[in-house]
Amino acid sequence: MQGDFNERRHAPRTKQKQPVEIRPFDPQLPPEDCTTLNISESGLYFETSRHYTHGANLYATGEFQPGSLMNRSIAGSVVRVEELESGMFGVAIQIHSSG
C-alpha cells in the first residue's frame with residue numbers, strides 16, 4: 001500500500017519539521033499552528049489535532065528558515081488524511097499555487 005502513495009508524488013519529499021500556520025479557505029474556521037513532517041516542491045505533510053476532509057482547500061504559511069521549501073505562503077487541497085499512533089492526524093496537501 002505504501003508504494004501507491006510514492007507513485008502519486010510529483011516531487012521527492014524532504015523530512016523537515018517546521019512551524020506552519022494552516023488556514024481553511026472558509027474565513028469562519030480559525031487558523032491552526034501545526035508542524036510539517038515533510039515538504040516537497042508540490043506538497044507538504046503536517047501533524048494536526050483536527051480532522052480535515054479530503055478535498056478541503058487550505059492556505060499554509062511557513063516561517064522564514066534558510067534553505068526551507070516553506071519560505072512562502074501556499075494554497076492547496078487535502079489529498080490524504082491518516083490517523084497517527086499519537087492520536088493526531090497526518091494531513092497531506094497538494095500545492096496549487098504559492099506566493
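Treat the numbers as computed from the prediction; the structure is a model and nothing was measured. (Residues numbered from 1 in each chain as written. Predicted model: local features only at pLDDT ≥ 70, side-chain atom pairs only at ≥ 80, totals over all residues. Heavy atoms only, no water.)

Taking every second residue as pointing to the same face, the buried face of strand S2 (residues 19-24) carries Val20, Ile22 and Pro24, while none of Pro19, Glu21 and Arg23 on the other face is buried. Where S2 and strand S3 (residues 32-39) come together, four bridges link them in antiparallel fashion. Bridging from a neighbouring strand, Ile22 pairs with Glu32 of S3. The sheet contact formed by S2 and strand S5 (residues 57-62) spans five bridges and is antiparallel. Paired with Val20 across the two strands is Gly62, which belongs to S5. (Buried < 20%, exposed > 50% of the residue type's maximum accessible area, 1.4 Å probe, protein only. Helix = DSSP H or I, 4+ residues; strand = E, 2+ residues; numbered from the N terminus. Pairing = 2+ DSSP bridges.)

Confidence along the protein chain averages 83 in pLDDT terms, with 77% of residues attaining 70 or more. Long-range and interchain partners of residues 1-7, a stretch whose pLDDT sits below 50, account for one contact in this model, where long-range means more than four residues apart. (pLDDT = per-residue confidence, 0-100. Contact = heavy atoms within 4.5 Å.)

With respect to the secondary-structure elements, Glu32 resides in strand S3. A relative accessible area of 10% places Glu32 in the buried class. Of the polar contacts made by the side chain of Glu32, one reaches the side chain of Thr48; its length is 2.6 Å. The residues contacting Glu32, other than those within four sequence positions of it, are Val20, Glu21, Ile22, Thr48, Ser49, Arg50 and Tyr52. (Polar contact = N/O pair within 3.5 Å; in protein donor to acceptor, adjacent residues only side chain to side chain.)

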